[in-house]
Every structure is written in structure tokens, then in C-alpha cells.
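# Analysis of the macromolecular model
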Amino acid sequence: MLEQRAAVVAELERRGAQPDAVVLGVTGTPGSGKSSLLARLTTTMLEQRSHLSIGVVAVDPSSHLSGGSLLGDRTRLRPSSGGARLFFRSQASATELGGLGPSSFQVCRLMAYLFDLVLVETVGVGQSEADIRHLADQVYLVLAPLGGDEVQFLKAGIIEVPHAFVLNKCDEPSAQQSLHHLQNSLWLARPFDEEPVPIYQTSAKTGQGIAELCDAMLATVAGEHAGVKGREPYFFVRWVKDEWGRVGATHLEQALGGAESWLASAGGFERAQAEFTTTLVATLPR
Ligand SMILES: Nc1nc2c(ncn2[C@@H]2O[C@H](COP(=O)(O)OP(=O)(O)OP(=O)(O)O)[C@@H](O)[C@H]2O)c(=O)[nH]1
Ligand SMILES: [Mg+2]
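Below or above, wherever it landed, is the structure these notes cover. Here the structure is a predicted model, which means the values were calculated and not measured. (Residues numbered from 1 in each chain as written. Chains lettered and ligands numbered in written order. Predicted model: local features only at pLDDT ≥ 70, side-chain atom pairs only at ≥ 80, totals over all residues. Heavy atoms only, no water.)

### Quick notes on the packing of helix α2 (residues 34-48) against helix α8 (residues 210-222)
Basically, it comes down to this: A fitted line through C-alpha atoms serves as each axis, taken over the contacting stretch for helices, and the angle formed by two N-to-C directions is quoted from 0 to 180°. A run of H or I in DSSP counts as a helix once it spans at least four residues, and a run of E counts as a strand once it spans at least two, with each numbered from the N terminus. Each angle is binned into one of four classes, with values under 35 degrees roughly parallel, values over 145 roughly antiparallel, values of 65 to 115 roughly perpendicular, and all other values oblique. Helix crossings fall into two classes, left-handed where the near helix is turned counterclockwise from the far one by less than a right angle and right-handed where it is turned clockwise. By definition, residues are in contact when any of their heavy atoms lie within 4.5 Å. Each residue gets one label: Ala, Val, Leu, Ile, Met, Phe, Trp, Tyr, Cys and Pro are nonpolar, Asp, Glu, Lys and Arg are charged, and the others, such as Gly, are polar.
Interaxial distance between α2 and α8 falls to 10 Å at its minimum, and their mutual angle equals 65 degrees. Taken together, the axis directions place α2 and α8 in an arrangement best described as roughly perpendicular. For α2 against α8, the interelement crossing comes out right-handed. Together, Leu-37, Arg-40, Leu-41, Thr-44, Met-45 and Gln-48 of α2 and Ile-210, Leu-213, Cys-214, Asp-215, Met-217 and Leu-218 of α8 make up the contact between the two elements. When the residues that make up the contact of α2 with α8 are grouped by side-chain class, the tally is eight nonpolar, two polar and two charged.

### Some remarks on the coordination of the magnesium ion (ligand 2)
Where a metal carries four tetrahedral donors, each ideal angle is 109.5 degrees; where it carries six octahedral donors, the ideal angles are 90 or 180 degrees. Definition in use: Coordinating N, O and S atoms are those within 2.8 Å of the metal (3.2 Å for Na, K and Ca), and as water is not part of the atoms, a site may appear to have fewer donors than expected. Burial here depends on accessible area, computed with a 1.4 Å probe over protein chains only, as a share of the maximum for the residue type. Under 20% is buried, over 50% is exposed, and the range in between is partly exposed.
Listed as protein donors to the magnesium ion (ligand 2) are Ser-35 (OG) and Glu-121 (OE); their distances from the metal cover 2.1 to 2.2 Å. Of this pair, Ser-35 sits in helix α2 while Glu-121 sits in strand β4 (residues 117-123), placing them 86 residues apart in sequence. Side by side, Ser-35 and Glu-121 carry an identical accessibility label, which is buried.

### Digging into the site of ligand 1
So the rule is basically this: Near is defined per residue: the residue qualifies when any heavy atom it owns lies within 4 Å of the molecule or strand. What qualifies as a polar contact is a pair of N or O atoms within 3.5 Å, subject to a donor-acceptor requirement within protein and to the restriction that residues adjacent in sequence count only when both atoms come from side chains. Accessible surface area values rest on a Shrake-Rupley calculation with a 1.4 Å probe, where residue burial reflects the displayed protein chains alone.
Surveying the vicinity of ligand 1 reveals 18 residues, the closest of which are Lys-34, Ser-35, Ser-36, Asp-171 and Ala-204. A distance of 3.2 Å separates a nitrogen atom of ligand 1 from a polar atom in the side chain of Asn-168. Residue Ser-203 places a side-chain N or O atom 3.4 Å away from an oxygen atom belonging to ligand 1. When ligand 1 is considered free in solution it has 650 Å² of accessible area, and contact with the protein chains removes 72% of it. Where the shell around ligand 1 is concerned, the elements lending two or more residues are α2 and β4. In terms of residue count, α2 provides more of the shell around ligand 1 than any other element does, three residues in total. Classifying every residue of the shell around ligand 1 by side-chain character gives three nonpolar, eight polar and seven charged.

### Some words on the packing of helix α10 (residues 259-266) against helix α11 (residues 269-283)
Taken N-terminus to C-terminus, the directions of α10 and α11 make an angle of 105 degrees; their axes are 8 Å apart at the nearest point. Considering the angle they form, α10 stands roughly perpendicular to α11. Note on element contacts: α11 touches α10 through Phe-269, Arg-271, Ala-272, Glu-275, Phe-276 and Thr-279, opposite Trp-262, Leu-263 and Ala-266. Broken down by class, the residue content of the contact of α10 with α11 amounts to six nonpolar, one polar and two charged.

Here it is in C-alpha cells:
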């Protein structure tokens, strides 16, 4: 697995590709309309920009029940057009709540070499929203009217994570009331925002507000962004902790000088992983 990934990355780099896509997280409660929105948004963006390419990863909490992401075509997102400029992949989540699995970063990272924009759909209230901020340049939180989501998010501290809110299903009669709830919750929960956090009102059903949200997303593609390389140290530390626990984390910090410097000296994520294992095993008592 590691060798295969290393070979793919090496070949991509040999061809001059760089992992510099913008990664946008689209998250929110089940059924709020994330997939429907993504279908609309990707179609509109591809129409507007004839050279844009988009990769979509849906981290699906239900996938593991049905063998999910192994069946690559299992998807509820069915964009109508796109051809080679649009790639969709559904991935089983590591947890039932839709948390990002260890491989989510790797899937995103490979996609970042191949596309201009990578969109990650995650479900759930809690860990996945908190996680996604480590993976994405920007996080959009999708809410449906009167789902009571605002209060839930407020309680879970999630309301502090997103860069923007999307109040979807604004074709429904209760949408206006929800907007007020959300604005009030934000006012309470994020008093220190320098600028008011954007709230997009959309309907994936009628198309209302899609153009505005598209423009905002496309502006991030053109703008400055950290890129996937900058996220490698965080995910390297996570990998070390998952595989080796505290012993590994200590070894990384004390013997190898921390993730950032180790990644740089090893020359790439895969080599850093392989050599980490070798150096750690060498320190273990026989
Ligand atoms: N009225 C209305 N219904 C919508 C809208 N967007 C999505 N829906 C409906 O809401 C339901 C859920 O939509 P999805 O796009 O599957 O929602 P999701 O957030 O991706 O759902 P999960 O992936 O299961 O969490 C579907 O029946 C959609 O047809 C909208 O803007 N207005
Ligand atoms: Mg969905």
C-alpha cells in the first residue's frame, strides 16, 4: 500500500504535478442537502470555467455497512455532466459518526495533484466537523431549516469551525425563521469574528443562491491557500499516534525532531513513514 502510494506520488511529481488544489470541506447534518448541493455546484462551476477540474470525496458513514466505498459507484451524488473534469469517490468513514479516516487525507492528497479543486463531503455533528478543518482550506457548514441544528452545533462548539454557513432548502417556508436563529446563534457564539461570517441561502431544488455560493468557492481556487503539503505534518503525527501510540509520538519529537523536520529530511510522506518504522523498531529492546 505504502509502496504503491509512493510510486503514484513519484510518478505524478515526475510529470510535474503538484498537490496544490484548493480543498473545501462541505459538512453538516444528515439530509441537509450536501450531496444535492455538490451536484448543482460542480455542474455550475464546470460550466463557468472551461478548464476547471474537480474531485469530490464523500466520506460516508453508512458505507461500511454495505461494503460501501469498495463499490466505487455507490453514490447518491449524480452530477449530470463533467466527463473527465469531474471525478467522484465515496469513501467509508472510519467511524459511524462520519469522522475522517486515516486514509481521507491520503485520498485528498492524491486528488490534490490531479484536480484544481477538491470537495470533501462529511456527515455528522462532532468529530468530523472538527477534523475537516485540518484537511480543508475552508469549511462550509450546511444546515437545513428548523432542523434544530443551530442549537446542536452551538452546544458542540462546532459553530466556531466553519468559514461559511449554507442554509439550504431555502425553498421551504421555515427558511426565514431559521436564518434568524442562525444569525442569533452566531452573534452569541462568535462574538470575536472580525467580519461577519458569510451565510449563503441556497436551494439545491430550485437553484436559488447557487450562483453566489459558486462564485465564493471559485474565488478560493484563484486565491491564496495553504495547500496539502502544509497539512502533512499534522496528518503524519496522527498516523504515528494511530500506529505507535505514545511511544511513537515521543520518538518522533525527541529522536527525529518533530514531524515537520522529519518529513523534510526523509524526503516525502511515504519515505518518512517507512523510515520512521525502521528507526523506531531499531530503538526497541530485542
Ligand atoms: N426542498 C428541498 N429539498 C432538498 C434540497 N436539497 C436537498 N433536498 C432533499 O433533501 C434530501 C437529502 O438530500 P441529500 O443531498 O442526500 O442530503 P445529504 O446532506 O447529502 O445527506 P447525507 O449524505 O445522507 O447526509 C433529498 O431528498 C433531497 O432531494 C433543497 O434545497 N430543497
Ligand atoms: Mg450526501
